[in-house]
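A closer look at the structure
Below are the chains, spelled out letter by letter.
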Amino acid sequence: MNIVYFAWVRERIGLPQESVQTEAATVKDLVAELAAREDRYAAAFADTSALRVAIDQELSDFDAPLAGVKEVAFFPPMTGG
């Protein structure tokens, strides 16, 4: 599965995207796996209430299942003007 990071999430992790093998059943499980990797991931995912997630380019939530998913993107909430 491809994981894409935007804005400050990308800055904290230091990668714009990566391909991962995961056994995670939900986005929440994936976040737990990533946060356990090392400090930079833990910092990026410390407060998931400050994050949004898209699955295969559709806005989703952290309880969404990952079966068959090709891409997960993490980004901060957007504000308009």
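Coordinates for the structure precede this section.
The structure presented is a predicted model; accordingly, all values stated were derived computationally and were not measured. (Residues numbered from 1 in each chain as written. Predicted model: local features only at pLDDT ≥ 70, side-chain atom pairs only at ≥ 80, totals over all residues. Heavy atoms only, no water.)

1. Examining the environment of leucine 34
For the record, the criterion: Helix and strand definitions follow DSSP, with helices as H or I runs of at least four residues and strands as E runs of at least two, each counted in order from the N terminus. We call a residue buried when its accessible area falls under 20% of the maximum for its residue type, exposed when it is over 50%, and partly exposed in between, using a 1.4 Å probe and counting protein chains only. Every residue pair with non-hydrogen atoms within 4.5 Å of one another is taken to be in contact.
Tracing the chain through its elements places leucine 34 in helix α2 (residues 27-37). Its relative accessible area of 2% is what places leucine 34 among the buried residues. With 25 residues separating them in the primary sequence, leucine 34 and valine 9 have C-alpha atoms 12 Å apart. Leaving out residues up to four positions away in the same chain, leucine 34 has contacts with Ile3, Tyr5, Tyr41, Phe45 and Phe74.

2. What about the environment of alanine 35?
Note that alanine 35 resides in helix α2. Taking C-alpha positions, alanine 35 is 7.8 Å from alanine 46, a pair spaced 11 residues apart along the chain. If sequence neighbours within four positions are ignored, alanine 35 has contacts with Tyr41, Ala42 and Phe45.

3. Side note on the nonpolar core
Worth spelling out the cut-off: Buried Ala, Val, Leu, Ile, Met, Phe, Trp, Tyr and Cys residues form a nonpolar core when they are joined through side-chain atoms within 4.5 Å.
Counting residues in each nonpolar core, the largest one holds 22 residues, and the members touching the most others are Tyr5, Val27, Leu30, Leu34, Phe45, Leu66 and Phe74. Going through the elements one at a time, β1 (2-5), α1 (7-13), α2, α3 (39-44), β3 (52-55) and β5 (71-75) are the ones with two or more residues in this core.

4. A few points about unusual backbone geometry
For alanine 7, which is not glycine, the phi dihedral falls at a positive 55°. Considering the arrangement of structural elements, one finds alanine 7 in helix α1. Even without a glycine there, the phi angle at aspartate 56 is positive, about 45°. Structurally, aspartate 56 is set in the loop between β3 and β4 (58-60). Classification of aspartate 56 by relative accessible area gives partly exposed; the value is 35%.

5. With respect to the pairing of β1
Our working rule: Any two strands with at least two DSSP-identified bridges between them are counted as paired.
Here three bridges tie β1 to strand β2 (residues 17-19), and the two strands are oriented antiparallel to one another. In the sheet register, valine 4 faces β2, and the bridge partner there is glutamine 17. As judged from the four bridges shared by β1 and β5, these two strands associate in the parallel manner. Note on β5: the bridge partner recorded for valine 4 is alanine 73.

6. Looking at the side chain of glutamate 18
Here is the rule: Within 3.5 Å is the distance limit for a polar contact, defined as a pair of N or O atoms, with the added protein rule that one can donate a hydrogen and the other accept it, and that residues adjacent in sequence qualify only through two side-chain atoms.
Mapping glutamate 18 onto the fold places it in strand β2. A distance of 2.8 Å separates the side chain of glutamate 18 from the side chain of arginine 37, its partner in a polar contact. What glutamate 18 contacts, discounting residues up to four positions off in sequence, is Met1, Asn2, Ile3, Tyr5, Arg37 and Tyr41.

7. Structural notes on the sheet that holds β3
Whenever strands of a sheet pair, they do so through backbone hydrogen bonds, lying parallel or antiparallel. Put simply, the test is: Axis angles are defined between N-to-C directions and span 0 to 180 degrees, where every axis is a line fitted to C-alpha atoms and, for a helix, only to the segment in contact.
A sheet is described by the order of its strands in space; here five strands give the open sequence β2-β1-β5-β3-β4, paired in mixed fashion. A single partner strand is all that each edge strand has here, and the edge strands are β2 and β4. The sheet shows a mean angle of 25° between the axes of neighbouring strands, direction not considered. Here β3 pairs with β5 via four bridges, running antiparallel. Bridging from a neighbouring strand, isoleucine 55 pairs with valine 72 of β5. On top of the sheet, α2 reaches β1, β2, β3 and β5; it is set at about 70° to β5, its chief contact.

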